[in-house]
Amino acid sequence: MSGPLVVLVGPMGVGKSTVGELLAARLGTTYRDTDADIVADAGKPIAEIFYDEGEEHFRALERRAVAAAVAGHPGVLSLGGGAVLDGTTRELLAGRPVVYLSMDVDEAVRRVGLNTARPLLAVNPRRQWRELMDARRHLYEEVARTVVATDEHTPEEVAQAIIDALELPEGAAAPGVESTGMTQQGPTRIQVAGSAGSDPYEVLVGHRLLGELPQLIGDRARRVAVLHPEALAETGEAVRQDLADQGYEAIAIQLPNAEEAKTAEVAAYCWKALGQTGFTRTDVVVGIGGGATTDIAGFVAATWLRGVRWIAVPTTVLGMVDAAIGGKTGINTAEGKNLVGAFHPPAGVLCDLAALESLPVHDYVSGLAEVIKSGFIADPVILDLIEADPEGARTLAGPHTAELIERSIRVKAEVVSSDLKEVGLREILNYGHTLGHAIEKNERYKWRHGAAVSIGMVFAAELGRLAGRLDDATADRHRTVLESVGLPLTYRGDQWPRLLENMKIDKKSRGDLLRFIVLDGVGKPTVLEGPDPAVLLAAYGEVSA
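Keep in mind that this is a model prediction, so the values were computed, not measured.

### Looking at the packing of aromatic side chains
Tallied over the full model, the rule gives seven aromatic pairs. Ring plane angle 25° and centroid distance 4.9 Å describe the contact between Y100 and Y140, whose orientation is recorded as stacked. Taken as a pair, Y100 in strand β4 (residues 98-102) and Y140 in helix α7 (residues 125-143) lie far apart in primary sequence, 40 residues in all. Accessibility assignment for this pair places Y100 and Y140 in one class, buried. Three or more aromatic residues joined by ring pairs make a cluster, and in this case those are F459, W496, F516 and Y540.

As structure tokens, then:
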């Protein structure tokens, strides 16, 4: 019977992709994933297919994808978690070398983590997991020639067990992969040093990081408050339930979406909830969401009882590379953005890349402004990677996505480790933000942060050029890189007087002296104080629509 050498089935999060790729390398063949085929054909993530067209439509797409792959792929093939629900698919798999990868419920919740794109595990992951497995376990066992447990086993051990069970001959490894297999990929851990009396902490970047949360919360905490935006109500409740299942008195506090959460009224609402719950200094706040959510969560933690521990779980690119790191917390006022706040570093930051799978493309691209900023002020490799594949940079599936996020986090971690309270070096992180914040205020915080900062960076580049600090090529490079990923370059020309007034309230200003971060070259940020008003106006003319 022709067809795949191995077919992997099993529940979501069991590691079919990791094991499948490793197994293909060991066997000297190719790997294929029917979920990836569906996404490629539909042009959108599986979660969106579920929500837009429903599960029945998705299952029809899955049935066709499995039939095509079984007929046309000779290597290692993995199927989606629910593929075995279809009777036609089960008949197609009869007699084939099918391996069921199994795991228990605790391991499943740890691995699936905070992936809000799992449409069938949206509320209570433990309960939903058990219900899914009750419906599917006998079907996995029905189609499988052998069962391999993955609990407490590395991908290498699982791959070896499959090779042994099916008596498969190992072939030449794929280029760049040794036949002995890859080491298990854990999360990347980026250290942020303690300073000014604060403790050091880690930023974890990877997948399936929910299992790290209890360790960060610790044994001393009795109560945990999970702050989340309305848009992530299901995720917030799932995390709250999981923490409750592990013995914490966990509450969920729902916040308004985006910048609407960053007000004194919302902070007071959170303080009231903490007071009614009996929150003490050993208890912990967890902020799950974008940059606005981690800003308000950190501020509430900083001000309750003059400071309790908090953990940031950013779910956007912006949150991961910027807002959740460094301990700058705050709220907005009518007079400006982040003018009320505190420096209060988190106890840890969990950047679960799986959370980005369901992020709308405009929000994803907005976060790239902060990534590109890191490239211009400190790490030019970031710019090189984006220029090599601008379209790939716009999506989680891009070849350099994890590296771009990790590099950006390292830039910020290094800066804030040296200057927690923005008395010197940390100012460079505000590159593009002086005009950017002014635009945000002018738009009553309805604009995406990254869009405003993008224009702010083009303005700063033109200001540096007109001041004789920056060469033409680097100034022009701002426009090409930002435009290549879809970020805006211009703003309304008639708004300059209002923007100028807004900038005078900027946190970097000293008295009436305006101060801007500009570049002397890529990776060479500096401060420009009190530029001539005519130069400012000329620079704004370059970004005026």
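There's more to say after this.
### Description of helix α12 (residues 291-303)
Under the 1.5 Å per step criterion, the end-to-end length of α12 is 18 Å for 13 residues, consistent within 8% with the ideal 18 Å. Among the 13 residues of α12, twelve are classified as buried, and the element is accordingly described as predominantly covered. Turning to α12, its buried residues are G291, A292, T293, T294, D295, I296, A297, G298, F299, V300, A301 and A302. L305 occupies a position one or two residues after α12 and carries a positive phi of about 55°.

### Brief notes about helix α22 (residues 533-541)
Regarding α22, the residues found buried are L536, A539 and Y540. An end-on view of α22 places all buried positions within 100° of arc, on one side of the element. Contacts from the buried residues of α22 go to α18 (433-442), α19 (449-466), α21 (496-503) and β15 (515-519). Capping of α22 at its N-terminal end is provided by D532; its side-chain oxygen lies 2.7 Å from the backbone amide nitrogen of A534.

### Points about the pattern of salt bridges
For side chains of opposite charge, pairing can occur when their charged atoms come near one another. As enumerated under the stated definition, the model contains 36 salt bridges in all. Between E55 and R59 there is a salt bridge whose closest N-O contact spans 3.1 Å. Placement of both E55 and R59 in helix α4 (residues 55-72) is noted, with a separation of four residues, approximately one turn of the helix. We classify R59 as buried; its relative accessible area is 15%. Residue R469 is joined to D520 by a salt bridge in which the shortest nitrogen-to-oxygen separation is 3.0 Å. Placement of R469 in the loop between α19 and α20 (472-484) and of D520 in the loop between β15 and β16 (525-529) is noted, with a sequence separation of 51 residues between them.

### Thoughts on the sheet that holds strand β1 (residues 6-9)
Reading across the sheet, the five strands line up as β2-β3-β1-β4-β5 and stay open at both edges, with parallel pairing between neighbours. The open sheet has two edge strands with one neighbour each: β2 (31-33) and β5 (146-149). Taking each pair of neighbouring strands and ignoring which way they run, the sheet shows an average axis angle of 25°. Pairing of β1 with strand β3 (residues 76-78) involves three bridges; the strand directions are parallel.

### Examining the nonpolar core
Core analysis: the largest hydrophobic core is formed by 93 residues, its most contacted members being V203, I296, I372, I386, Y431 and F459. The element contributing the most residues to this core is α19, with nine residues. In contact with I386, other than residues within four places in its own chain, are V371, I372, A393, L404, V481, S484 and V485.

### Quick look at the confidence of the model for the chain
With 89% of its residues at a pLDDT of 70 or more, the chain has an overall mean of 87. Counting contacts from residues 112-123, a segment whose pLDDT is below 50, to residues more than four positions away or on other chains yields 47 contacts. Counting interchain partners and residues more than four positions distant, the pLDDT-below-50 stretch residues 172-184 has 20 contacts.

Cut-offs and rules
- Within any chain, residue numbers begin from 1 and follow the written order of that chain's sequence.
- Since the coordinates come from a predicted model, pLDDT governs what is reported: local features require at least 70, and pairs of side-chain atoms require 80 or more to be given and counted, while whole-chain, interface and lining totals use all residues.
- The basis for the side-chain values is all heavy atoms of the structure; hydrogens and waters are excluded.
- Think of it this way: a Phe, Tyr or Trp ring, Trp meaning its six-membered ring, pairs with another when their centres are within 6.5 Å, and the plane angle makes it stacked under 30 degrees, edge-to-face over 60, tilted otherwise.
- Secondary structure elements are taken from DSSP: a helix is a run of H or I of four residues or more, a strand is a run of E of two residues or more, and numbering for both begins at the N terminus.
- Working definition: with a 1.4 Å probe on protein chains only, accessible area under 20% of the residue-type maximum means buried, over 50% means exposed, and in between means partly exposed.
- Expected helix span is computed as 1.5 Å times (number of residues minus one).
- When we speak of the arc, we mean the arc of directions from the helix axis to the C-beta atoms.
- In this description, contact between two residues means that some pair of their heavy atoms is separated by no more than 4.5 Å.
- Here a polar contact is recorded for every N or O atom pair within 3.5 Å, except that within protein the pair must consist of a potential hydrogen donor and a potential acceptor, and residues adjacent in sequence are included only if both atoms are side-chain atoms.
- The working definition used for a salt bridge is a side-chain nitrogen of Lys or Arg within 4 Å of a carboxyl oxygen of Asp or Glu.
- If DSSP finds at least two bridges between two strands, the strands pair.
- With axes taken as lines fitted to C-alpha atoms, and helix axes fitted only over the stretch in contact, angles between N-to-C directions fall between 0 and 180 degrees.
- For our purposes a nonpolar core is just a set of buried Ala, Val, Leu, Ile, Met, Phe, Trp, Tyr and Cys residues, chained together by side-chain atoms within 4.5 Å.
- Known as pLDDT, the predictor's confidence for each residue is given on a scale from 0 to 100.

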